[in-house]
Amino acid sequence: MALKLFRTCRHVSAAFSPSQIFGLSVRASLVAVKSFSTATGGEDTGKAAGQTVVSERRGSVVTVAINRPEVRNAVNQETARRLLEELEAFDSDPDLNVAVLHGKGGNFCAGYDLKELANHTASLKLEQDVTKGPGPMGPSRLELSKPLIAAVSGFAVAGGLELALLADLRVVEESAVMGVFCRRFGVPLIDGGTVRLPRLIGLSRALDLILTGRPIGAQEALAYGLANRVVPDGQALQAALQLAEQISSFPQQCLRADRSSAIHSCYDAPSFTQAMQYEIDHGVPVIQSEAVTGATSFTAGAGRGGKFS
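Let me sum up the structure you'll find in this document. Note that the coordinates shown come from a computational prediction; the quantities given were computed from them, not determined experimentally. (Residues numbered from 1 in each chain as written. Predicted model: local features only at pLDDT ≥ 70, side-chain atom pairs only at ≥ 80, totals over all residues. Heavy atoms only, no water.)

A closer look at the overall build of the chain
Reasoning step 1: Counting its secondary structure elements, the chain contains 12 helices and nine strands.
Reasoning step 2: Sorting the 309 residues of the chain into buried and exposed places 45% on the buried side. (Helix = DSSP H or I, 4+ residues; strand = E, 2+ residues; numbered from the N terminus. Buried < 20%, exposed > 50% of the residue type's maximum accessible area, 1.4 Å probe, protein only.)

In structure tokens form, the structure reads like this:
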């Protein structure tokens with residue numbers, strides 16, 4: 001099975017349409033949403049054609065789509081810049097609670113655009129100090145204060161995998177393929193892949209993917225913890241939106257405090273004691289702002305028996 005999958009994936013750079021392989025399409029119910037840019041204050045950004053990144057707002061949830069389907073949503077410098085702008089704008093917008101990152105045309109992202117790397121090396125500007133500038137893929141160095149969900153269809157490989165790792169949760173379609181495909185071309189993981197992947201799935205499994213560059217399907221990704229949900233083809237975006245809306249409906253100060261504490265304990269805390277201190281320092285202020293109100297609702301009968309509505 002793995003050999004069959006690899007033979008299919010090794011031709012990812014050949015000249016074919018993603019829709020011919022996966023037959024993926026966004027549901028008609030998603031098409032009617034107006035194009036919206038968080039980076040431009042929410043005004044209509046017009047048609048998707050010609051824009052490398054397109055954002056659409058749905059109440060307190062925003063979708064951010066890579067819009068280069070002709071190259072399987074490979075990211076060039078312009079796309080990286082736009083992705084960074086949109087996710088920074090999302091994070092600073094008080095009216096938005098959750099973002100969903102996805103790719104147009106049946107693929108999440110095939111990584112950095114290697115044609116640009118090969119043909120325009122002189123124009124590439126890589127900031128090596130990670131505190132002073134963005135990563136090559138754009139938003140990969142961000143530490144978002146609010147949840148990001150990746151809706152993964154088709155290929156999420158190389159730098160595209162690194163973008164998926166930036167998300168808190170990954171909703172993955174059954175035929176999706178993930179992997180460190182850049183292994184074959186001498187292109188290193190410099191957008192957080194060697195940092196986030198071992199934290200998410202453990203060092204042994206991460207090294208298996210990093211050293212071999214092999215493809216990993218949705219079910220194996222689910223078993224590893226790389227995928228959080230597996231859905232039928234064509235349904236990742238809708239499922240991610242439903243998940244985002246559920247998360248957005250919860251008391252947000254409490255949710256963000258717990259999320260921040262979990263991430264801090266995983267990446268930044270020097271000790272168990274310090275992680276525990278961070279947790280209570282950020283949790284106590286929420287008691288007065290949200291927990292008392294929630295407890296009052298519970299005593300009145302809301303949420304009994306584990307109900308979420």
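Section: helix α6 (residues 159-166)
One turn of an α-helix holds 3.6 residues; hence residues three or four places apart share an orientation.
Reasoning step 1: The buried fraction of α6 is high, at eight of eight residues.
Reasoning step 2: Taken together, the buried positions of α6 are G159, G160, L161, E162, L163, A164, L165 and L166.

Observations concerning the pairing of strand β4 (residues 148-152)
Reasoning step 1: Along β4, five of the five residues are buried, which leaves the element largely enclosed by surrounding structure.
Reasoning step 2: What you see with β4 is no split at all: L148, A150 and V152 on one side and I149 and A151 on the other are buried throughout.
Reasoning step 3: Bridge count for strand β3 (residues 98-103) against β4 is three bridges, and the pairing is parallel. Paired with V100 across the bridge in β4 is I149.
Reasoning step 4: Two elements, β4 and strand β6 (residues 169-173), share four bridges in a ladder whose sense is parallel. Bridge pairing in β6 links I149 to L169. (Pairing = 2+ DSSP bridges.)

A few points about the pairing of β3
Reasoning step 1: Most of β3 is tucked away, with six of its six residues classed as buried.
Reasoning step 2: Burial of the side chains of β3 extends over both faces: V98, V100 and H102 are buried on one face and A99, L101 and G103 on the other.
Reasoning step 3: Note: strand β2 (residues 61-66) against β3, six bridges, orientation parallel. The partner of I66 across the bridge, within β3, is G103.

Concerning the sheet that holds strand β8 (residues 216-217)
Reasoning step 1: If you walk across this open sheet you meet the three strands as β5-β7-β8, and the pairing is mixed. Each of the sheet's edge strands pairs with one partner strand only, and the pair in question is β5 (155-157) and β8.
Reasoning step 2: Where β5 and strand β7 (residues 177-179) come together, three bridges link them in parallel fashion. The partner of F155 across the bridge, within β7, is V177.
Reasoning step 3: Strands in contact with α6 are β5 and β7; relative to β5, the strand with the most contacts, it is inclined by about 90 degrees. (Contact = heavy atoms within 4.5 Å. Axes fitted to C-alpha atoms, helices over the stretch in contact; angles between N-to-C directions.)

Considering unusual backbone geometry
Reasoning step 1: For R72, which is not glycine, the phi torsion reads 55 degrees and is therefore positive.
Reasoning step 2: Tracing the chain through its elements places R72 in the loop between β2 and α4 (77-92).
Reasoning step 3: One non-glycine residue, N73, adopts positive backbone phi at about 60 degrees.
Reasoning step 4: Considering the arrangement of structural elements, one finds N73 in the loop between β2 and α4.

Overview of the side chain of D191
Reasoning step 1: Along the chain, D191 falls in the loop between β7 and α7 (193-201).
Reasoning step 2: Comment: no salt bridge for buried D191; closest opposite-charge side chain is R141, at 5.9 Å.
Reasoning step 3: Of the polar contacts made by the side chain of D191, one reaches the side chain of S140; its length is 2.4 Å.
Reasoning step 4: Once residues within four sequence positions are removed from consideration, D191 is found in contact with G135, P136, M137, G138, S140, E162 and R196. (Lys, Arg positive; Asp, Glu negative; His and termini not counted. Salt bridge = Lys/Arg side-chain N within 4 Å of Asp/Glu carboxyl O. Polar contact = N/O pair within 3.5 Å; in protein donor to acceptor, adjacent residues only side chain to side chain.)

So, the pattern of salt bridges
Between side chains of opposite charge, pairing is possible as soon as their charged atoms come close.
Reasoning step 1: Counted by the stated rule, this structure contains 10 salt bridges.
Reasoning step 2: Across the pair R81 and E85 runs a salt bridge whose closest N-O atoms are separated by 2.5 Å. In this pair, R81 and E85 are both assigned in helix α4, four residues apart and thus about one turn of the helix distant.
Reasoning step 3: Looking at R81, the relative accessible area reads 40%, which means it is partly exposed.
Reasoning step 4: The salt bridge partner of R82 is E85, with a shortest N-O separation of 3.1 Å.

Describing the sheet that holds β3
Reasoning step 1: As summarised here, the arrangement of the six strands in space is β1-β2-β3-β4-β6-β9, forming an open sheet in which the pairing is mixed. Each edge of the sheet is formed by a strand with only one pairing partner; in this case those strands are β1 (53-58) and β9 (229-231). Across the sheet, the mean angle from the axis of one strand to that of its neighbour is 20 degrees, orientation sign disregarded.
Reasoning step 2: Sheet strands in contact with α6 are β2, β3, β4 and β6, and its direction is about 140 degrees off that of β4.

What to know about the nonpolar core
Soluble, globular proteins show a tendency: their nonpolar side chains are buried together.
Reasoning step 1: Of all hydrophobic cores here, the largest spans 47 residues; its most connected members are F108, L163, M178 and L226.
Reasoning step 2: Of all hydrophobic cores here, the second largest spans 15 residues; its members include V100, V171, L243 and L255. (Core = buried A, V, L, I, M, F, W, Y, C linked by side-chain atoms within 4.5 Å.)

Quick notes on the packing of α7 against helix α8 (residues 203-212)
Two quantities define a packed helix pair, namely the angle between the helix axes and the distance between the axes.
Reasoning step 1: With their axes 7 Å apart at the nearest point, α7 and α8 run at an angle of 135 degrees to one another. Taken together, the axis directions place α7 and α8 in an arrangement best described as oblique. Our pair here, α7 against α8, has a crossing hand that is right-handed. Taken together, the residues of α8 that come into contact with α7 (itself represented by T194, L197, P198 and I201) are L203, R205, A206, L209 and I210. (Parallel < 35°, antiparallel > 145°, perpendicular 65-115°, else oblique. Left-handed = near helix turned anticlockwise from the far one by under 90°.)

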